[in-house]
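# Observations on the three-dimensional arrangement
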Amino acid sequence: MFSVYSHASNILRHVASSLKRTSPGTPCYISRLPPDVLLDIIFPLLLVEELCRLRQVNKAFYLLSHEGCIWRRYMKDMNVPLPQLRPTFRYRHESSDFDIERMVTQACAVDKAWRQGFPKVKTDLILTAFYQVIDLKLLPGGKFLIASVRDRSNYRFYIMLFALDLRQGSGARALARMPTDHKAYDLQAKYLPYNGNPGIMISFITRRFQNGATVPEDVSDYSHRTTVDPIAPFIHKIQCMHVRLDTLEQLLDPEAKVVVPSEQYKQIISRLPKPFQEVAVYENIDLEIHCSSLSELNKAPVLLMAVGNAGVGIINLPSRGWANFTCKDHVDYPDVPHRIRAIRHYPDQLEVLIIRSVCENPGPDYNDAHIFETYKIPELLAPTHIDSTENFVFKSHPYLHDFSISDPGTLPLKRMGEDHPDIRHTEICPPTIWVFAQNKSPPGVVYWNIRPNLKFRATSDAPKEFAYGLDVEGPFSHTSAPYAECVLPGSERCLLYVYGRDRKDPQKLIRLRRLMPQVHFEEYPTPIVNPATSKPLLHQRAFTDIDIDAPLDHDFIRDMNAQGGMSAMTWDESTCRICLSSENDDSIRILDFAYVYDPRRTNAFGWRQRMDSGQDLW
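Residues numbered from 1 in each chain as written. Predicted model: local features only at pLDDT ≥ 70, side-chain atom pairs only at ≥ 80, totals over all residues. Heavy atoms only, no water.

### Some remarks on the packing of helix H5 (residues 68–77) against helix H6 (residues 97–115)
Put simply, H5 and H6 touch, their axes get as near as 9 Å, and they point 40 degrees apart. Between H5 and H6, the crossing angle belongs to the class labelled oblique. The hand of the H5/H6 crossing is left-handed. Across from Gly68, Trp71, Arg72, Tyr74 and Met75 in H5, the residues of H6 making contact are Asp97, Ile100, Glu101, Met103, Val104 and Thr105. Looking at the contact of H5 with H6 residue by residue, the classes come out as six nonpolar, two polar and three charged. (Axes fitted to C-alpha atoms, helices over the stretch in contact; angles between N-to-C directions. Helix = DSSP H or I, 4+ residues; strand = E, 2+ residues; numbered from the N terminus. Parallel < 35°, antiparallel > 145°, perpendicular 65-115°, else oblique. Left-handed = near helix turned anticlockwise from the far one by under 90°. Contact = heavy atoms within 4.5 Å. Nonpolar A, V, L, I, M, F, W, Y, C, P; charged D, E, K, R; others polar.)

### Remarks on H6
For H6, built from 19 residues, the straight-helix expectation of 27 Å at 1.5 Å per residue is met to within 8% by its first-to-last C-alpha distance of 28 Å. Among the 19 residues in H6, 17 count as buried, and that is most of the element. (Expected span 1.5 Å × (residues − 1). Buried < 20%, exposed > 50% of the residue type's maximum accessible area, 1.4 Å probe, protein only.)

### Describing the packing of aromatic side chains
Throughout the structure, instances matching the rule amount to 19 aromatic pairs. Relative to Tyr74, the ring of Trp71 lies with its centre 5.3 Å away and its plane at 55 degrees, an arrangement referred to as tilted. Within this pair, Trp71 and its partner Tyr74 are both found in helix H5, separated by three residues, close to a single helical turn. Following the ring pairs from residue to residue traces out a cluster consisting of Phe372, Phe392, Phe394, Phe403 and Trp448. We note Arg72 situated over the ring of Tyr91; from NZ or CZ to the ring centre the distance is 5.5 Å. Directly above the ring of Tyr158 sits Arg177, whose terminal nitrogen or CZ lies 4.2 Å from the centroid. (Phe/Tyr/Trp six-rings, centres within 6.5 Å; stacked < 30°, edge-to-face > 60°. Lys NZ or Arg CZ within 6 Å of the ring centre and 35° of its normal.)

### A word on the pattern of salt bridges
Under the counting rule described, the total for this entry stands at 25 salt bridges. Here Lys112 makes a salt bridge to Glu49, at a shortest N to O gap of 2.4 Å. Within this pair, whereas Lys112 is found in helix H6, its partner Glu49 is found in helix H3 (residues 48–54), the two being separated by 63 residues in sequence. Accessibility expressed as a relative area gives 28% for Lys112, which makes it partly exposed. Residue Glu49 is classed as buried on the basis of its relative accessible area of 18%. Here Arg513 ties to Asp545 by a salt bridge, and the two come within 2.8 Å at their closest N and O atoms. Of this pair, Arg513 sits in strand E25 (residues 509–515) while Asp545 sits in strand E26 (residues 543–545), and the two are 32 residues apart along the sequence. The buried category is assigned to Arg513, whose relative accessible area is 13%. (Salt bridge = Lys/Arg side-chain N within 4 Å of Asp/Glu carboxyl O.)

Shown next, in the form of structure tokens:
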């Protein structure tokens, strides 16, 4: 902290001497204050908006307001959702000062835009992929984007890794790619360590015909989003890969000042190991693999999947140990076909939430009932038929399909790095889990929420401890007639897209909507912290359309549908960044609700460098 105060003192000394030269005899008392008084007493009383207005007074306050200690304090006291810091982010390093400022100001702007009546998209970045996009997955924090792509000849398939929010060039570029045997779908990605190395864990599913090349059709032509009737049975395979973050950080280091592409950049790449490391592969000849997800169990990364209609498989990725179990039929529906619709692991618990549909005559649109169940995770290498620990049967909406469960692990629940702060102050308990399902009649969505229960009360030795159970609240519903509606769920923010009801692949996009559930839980109060930003009142309507066309000065949705319709979409809840692609366009559109502010491109960054080198700024 001494170096920070020395830096601030240097700024005040320069401005004080400047004021004496320009306004002799006029005292400037605030410039005589010690830097610790300004940084530790006065500035903490200001909101982010007020500090940004203060920097317009003179050059001294302009420079002081960019000091990293101010923005680190704001990040710890934020009362709005903040982006998750990647594990290798150097929080305490001086080079991260401007990155922290950008994240804090962007989080404030995004929250205000999201809470207003009709949120408006501010920027539209076009990222050229050079391939047709099949599926997308955005990492928490919006820094890295994973894409499943194929060439137009439907012959080559790849997993591509993109970096966003770069300081050079267009702000985004591809970093690595890996070939796959067939079309990869059900793409999952998460920050998880492997063999002690922090990185990005990626999983995806591919399929091929059992009869191989003798089948006259191309397996990649079949849709992965709707029920299909193939000419021959599929063989399903799920793969898991790991990308080390330290390798990516060397390619993105702004202090290296490497031009892309250049010979120096190529030399750096040649010295690095291959980015994609194979972690696990599982193949099933007879049963479908679906509903995959990544999580952390006992501090070890795990891969979860549904195998067939009633089986669940769990792979411990470091040891490659295998645990699987078969869900028994519900007692009210013995010998009636059950099918798993969604799976989610409860964070820091040995339990999973499973949603199953029950129907005498299984079909894609009608079911007799839907069952919410929790299961204890069995020991490794112990296949068994087990009963659920809790269950909840729901019958009032028979036309539900395509269930999705929010992932509370995408929010910054814990520190990802040793020097990272505890930045989550939204609630004192783990986040709400939301369950969504598409409804065919009437068209729209039906949703529920699951809150954690208080397991142990706080003592002098330990804080409160919560655990998820099956206290389901709902159903709530929303209609979008005459169109269909799908949800990309989150714990505090949800994104909906409305599309045509023909259920074709790709889908004709109608509009985007935001959902900010207005549910208040008095038993889980928000802790009292010094708010870093003012929070406008939430609009009375939870479901509102997102304004895309007016801010961008063109008909975005019409242009996307003219390119064949939407082929893939993903988003990050913490930054509200949306990435989507169209069928006939080899690019990815990146939409942001706030201007991505880069302090390094301001005068403050250049002035600080000049001042550190001993030059006079006045």
